[in-house]
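Observations on the three-dimensional arrangement
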Amino acid sequence: CNNFCTYCIVPYVRGREKSRTIEDVAAEAQALVNDGVKEITLLGQNVNSYGRDLYGEPRFADVLRAVAATGVERIRFATSHPKDLTDEVIALFGELPNLMPALHLPVQSGSDRVLKAMNRRYTAEHYLDLVRKVREANPDVALSTDIIVGFPGETEEDFQATANLVREVGYGQVFTFIYSKREGTPAAKMENQVPEDVVKDRFNRLLATINEVSHTISARYEGQSAKALVECINDHDSSLVTGRLTNNMLVHFPGDESLIGNIVDVKLTECKGFYYMGEML
């Protein structure tokens, strides 16, 4: 990773970004499709900057097109850095039918002051503009994000800016983290470390906001039918299987091992917040 966010140790322990050639990625994807794979996830610490080291410019949109051309039924990617998400990549959510309508776009904070201290190199306004463009390209794209609570110097006003952004975006899923020091990072040496009790209080309040927003977003699909790629037998009930919807949410429904690896039609009978119960049609 080349980003050096002030809270993160990854660039120090993993080194600089290195891109494989488009031809190499496409060839591996084609081999997987030929072997019966139905879903491929393109993974990188920051997929949006793919190709800058090889081609002198980001070419992630070209990778997506090349993998889509293999005929694979489903494509996903992670993780996107907002500062490098291009209009060309965003447009593909409305152009490639096998690019799933789900985008993980970590925001970390809704406060410009905190974002600057984190060295994220975008503002809340820029982030919201990206969200607007994504939804213009495809209104059905489900958004998820990462948020850090209690970054050094975070005030109540900063925290409220984050909570307000969660409400404005309407995430289907949010991964929340309490800030923790990573020795060797600039943030670990920052003054104004937030007291633990304050951080925990903010964390709990943010979770309450997230649960309210996410359930409202997810519940709108209750009673509808959707396609699910069956991944496994349910961990808690062997009479159920677990499938992944196009928007990346899970659905649990009656089935057996023979369904694993198949894409089936499912009725979403009940929303449980971050997952659904359903029945196969």
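The text that follows walks through the structure, step by step, so that each part is easy to find. (Residues numbered from 1 in each chain as written. Predicted model: local features only at pLDDT ≥ 70, side-chain atom pairs only at ≥ 80, totals over all residues. Heavy atoms only, no water.)

**Observations concerning the environment of Gly172**
As for its position among the elements, Gly172 is in the loop between α8 (156-169) and β5 (173-178). Looking at Gly172, the relative accessible area reads 15%, which means it is buried. Setting aside its immediate chain neighbours within four residues, Gly172 contacts Leu143, Ser214, Ile217, Ser218 and Phe274. (Helix = DSSP H or I, 4+ residues; strand = E, 2+ residues; numbered from the N terminus. Buried < 20%, exposed > 50% of the residue type's maximum accessible area, 1.4 Å probe, protein only. Contact = heavy atoms within 4.5 Å.)

**Quick look at the packing of aromatic side chains**
How two aromatic rings sit relative to each other is given by the distance of their centres and the angle of their planes. Per the counting criterion, the structure on display carries seven aromatic pairs. Ring centres of Tyr7 and Phe151 lie 6.4 Å apart, and the angle between their planes is 85 degrees; on these two criteria the pair is classed as edge-to-face. One end of the pair, Tyr7, is in the segment before α1 (10-14); the other, Phe151, is in the loop between β4 (142-149) and α8, with 144 residues separating them in the sequence. For the pair Tyr122 and Tyr127, a centre-to-centre distance of 6.3 Å together with 35 degrees between the ring planes defines the contact as tilted. The pair formed by Tyr122 and Tyr127 is uniform in burial state, with each residue classed as buried. Grouping aromatic residues by their ring pairs yields a cluster made of Tyr7, Phe151 and Tyr179. Here the guanidinium or amino end of Arg59 rests over the ring plane of Tyr55, the centre of that ring lying 4.4 Å away. (Phe/Tyr/Trp six-rings, centres within 6.5 Å; stacked < 30°, edge-to-face > 60°. Lys NZ or Arg CZ within 6 Å of the ring centre and 35° of its normal.)

**Examining helix α9 (residues 196-219)**
Counted at 1.5 Å a residue, the expected span for α9 with its 24 residues is 34 Å, and the 34 Å between its end C-alpha atoms agrees. For α9, the set of buried residues is Val199, Arg202, Phe203, Leu206, Thr209, Ile210, Val213, Ser214 and Ser218. Where α9 is buried, its residues touch β4, α8, β5, β9 (263-271) and β10 (275-280). (Expected span 1.5 Å × (residues − 1).)

**Side note on the packing of α8 against α9**
Where α8 contacts α9, the axes come no closer than 9 Å and their chain directions differ by 15 degrees. Looking at the two axes, α8 sits roughly parallel to α9. When you trace α8 past α9, the crossing you get is right-handed. Together, Glu156, Phe159, Gln160, Ala163, Val166 and Arg167 of α8 and Arg202, Arg205, Leu206, Thr209, Ile210 and Val213 of α9 make up the contact between the two elements. The class makeup of the residues in the contact of α8 with α9 is six nonpolar, two polar and four charged. (Axes fitted to C-alpha atoms, helices over the stretch in contact; angles between N-to-C directions. Parallel < 35°, antiparallel > 145°, perpendicular 65-115°, else oblique. Left-handed = near helix turned anticlockwise from the far one by under 90°. Nonpolar A, V, L, I, M, F, W, Y, C, P; charged D, E, K, R; others polar.)

**As for the sheet that holds β5**
Taken together, three strands build an open sheet; the order of strands is β3-β4-β5 and the sheet is parallel. In this open sheet, the two edge strands, each paired with only one partner strand, are β3 (102-104) and β5. Looking at each pair of strands side by side, their axes are set apart by 15 degrees on average, direction ignored. Here β3 pairs with β4 via three bridges, running parallel. Each residue of the ladder has a partner; that of Ala102, found in β4, is Ala142. (Pairing = 2+ DSSP bridges.)

**As for the packing of helix α2 (residues 22-34) against helix α4 (residues 60-68)**
Between α2 and α4, the least distance of the axes is 9 Å, while the angle of their chain directions is 30 degrees. Taken together, the axis directions place α2 and α4 in an arrangement best described as roughly parallel. For α2 against α4, the interelement crossing comes out right-handed. The residues of α4 that touch α2, namely those facing Ile22, Val25, Ala26 and Ala29, are Asp62, Val63, Ala66 and Val67. Along the lines of polarity and charge, the residues of the contact of α2 with α4 split into seven nonpolar, no polar and one charged.

**Looking at the nonpolar core**
Counting residues in hydrophobic clusters, the biggest one holds 51 residues, and the most contacted among them are Leu42, Phe60, Leu64, Phe77, Leu103, Tyr127 and Tyr171. Here this core takes six residues from α4, the largest share from any one element. Discounting chain neighbours no more than four positions away, the residues touching Phe77 are Thr41, Leu42, Val47, Phe60, Leu64, Val89, Phe93, Leu99 and Leu103. Ranked by size, the runner-up nonpolar core spans 13 residues in total, among them Leu245, Val251, Val266 and Cys271. (Core = buried A, V, L, I, M, F, W, Y, C linked by side-chain atoms within 4.5 Å.)

**Structural notes on the sheet that holds β9**
Strand order around the closed barrel formed by five strands is β6-β7-β8-β10-β9, with mixed pairing between neighbours. Across this sheet, the average inter-strand angle for adjacent strands is 50 degrees, counted without regard to direction.

**Focus on the environment of Phe203**
Here Phe203 lies in helix α9. For Phe203, a relative accessible area of 17% translates into the label buried. Taking the C-alpha atoms as reference points, Phe203 and Pro97, separated by 106 residues in sequence, lie 37 Å from one another. The contacts of Phe203, once residues within four sequence positions are left out, are Val149, Thr176, Phe177 and Ile178.

Remember that the coordinates give geometry; whether it matters functionally is a separate question.
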